[in-house]
Amino acid sequence: MKTDLAPPPLPALDDLPGHFIRRLQQIAVALFMDELKDWGLTPVQYAALNAAARMPDIEQGALARAIGFDTSTTGGVVDRLERQGLLVRKPSPADRRVRLLTTTEAGRALLDEIGPAVETVQQRILAPLPPEERPLFLRMLRTLVEANNDLSRAPRELPEGR
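Since the model is a prediction, treat every value here as computed from it, not as a measurement.

Caption draft 1: Examining the overall build of the protein chain more closely. Scanning the protein chain from N- to C-terminus turns up six helices and three strands. Helices (α) and strands (β) of the protein chain occur, in sequence order from the N terminus, as α-α-β-α-α-β-β-α-α. Its C-alpha atoms give the protein chain a radius of gyration of 20 Å, more than 25% over the compact-globule value 15 Å for 162 residues. Seen along its three principal axes, the alpha-carbon backbone of the protein chain occupies a region of about 70 × 45 × 30 Å. Every one of the 162 residues in the protein chain was classed for burial, and the buried ones make up 26%. The contacts of the protein chain with a sequence gap of at least 6 include a subset with a gap of at least 24, amounting to 50%. Looking at the protein chain as shown, the accessible area adds up to about 11,300 Å², and 58% of this sits on carbon and sulfur atoms.

What follows is the structure in structure tokens.
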């Protein structure tokens, strides 16, 4: 039996949080690339370099989990950073098959040099919000990401106590 029911109305994109999250991610990448164009570093490369600097001698799989990227993407990122002399791979003393990642002096110097530009990106992302609302917005983002972390194709390993 065929009925002539009209299909349900489509939701307006402006009513979908996912639409705004996707757009904000596009904007954040564009701002990052604009501020760091002189250094030629991508947001993913920055995340990997930052994490390796904060966790010296990290195993590549652990690095991928720390930044929330799949291991194959992380492998390509590490290859590029190594070719640029920003990271080094060395064998683990415990297991020679495992490679440990460490930032080089050049990698650490680059992180120090670009620190102000990275901070500017963060300020530009949040600039439309009143200053007193920015910490709340960040807490809300963190809550959404952490609560849904296991649904990601590359769940991030969250720090202890989170």
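Caption draft 2: Here's a closer look at unusual backbone geometry. Even without being a glycine, aspartate 57 presents a positive backbone phi close to 65 degrees. Inspection of the secondary structure assignment puts aspartate 57 in the loop between helix H2 (43-54) and strand S1 (58-59). Classification of aspartate 57 as partly exposed rests on a relative accessible area of 36%.

Caption draft 3: Fine view of the sheet that holds S1. Taken in spatial order, the three strands line up as S1-S3-S2 in an open sheet, and their pairing is antiparallel. Each having just a single partner strand, S1 and strand S2 (87-91) make up the two edges of the open sheet. In terms of strand pairing, S1 meets strand S3 (residues 99-103) through two bridges, oriented antiparallel. Considered in S3, the bridge of isoleucine 58 is made with leucine 101. Helix-sheet contacts for H2 involve S1, S2 and S3, and the interaxial angle to S3 is about 95 degrees. Sheet contacts for helix H4 (residues 71-83): S2 and S3; angle to S2, the most-contacted strand, approximately 110 degrees.

Calculation rules
- Residues numbered from 1 in each chain as written.
- Predicted model: local features only at pLDDT ≥ 70, side-chain atom pairs only at ≥ 80, totals over all residues.
- Heavy atoms only, no water.
- Helix = DSSP H or I, 4+ residues; strand = E, 2+ residues; numbered from the N terminus.
- Rg over C-alpha atoms; globule rule 2.2 N^0.38 Å.
- Buried < 20%, exposed > 50% of the residue type's maximum accessible area, 1.4 Å probe, protein only.
- Contact = heavy atoms within 4.5 Å.
- Areas by Shrake-Rupley, 256 points an atom, 1.4 Å probe, with all protein chains shown as cover.
- Pairing = 2+ DSSP bridges.
- Axes fitted to C-alpha atoms, helices over the stretch in contact; angles between N-to-C directions.

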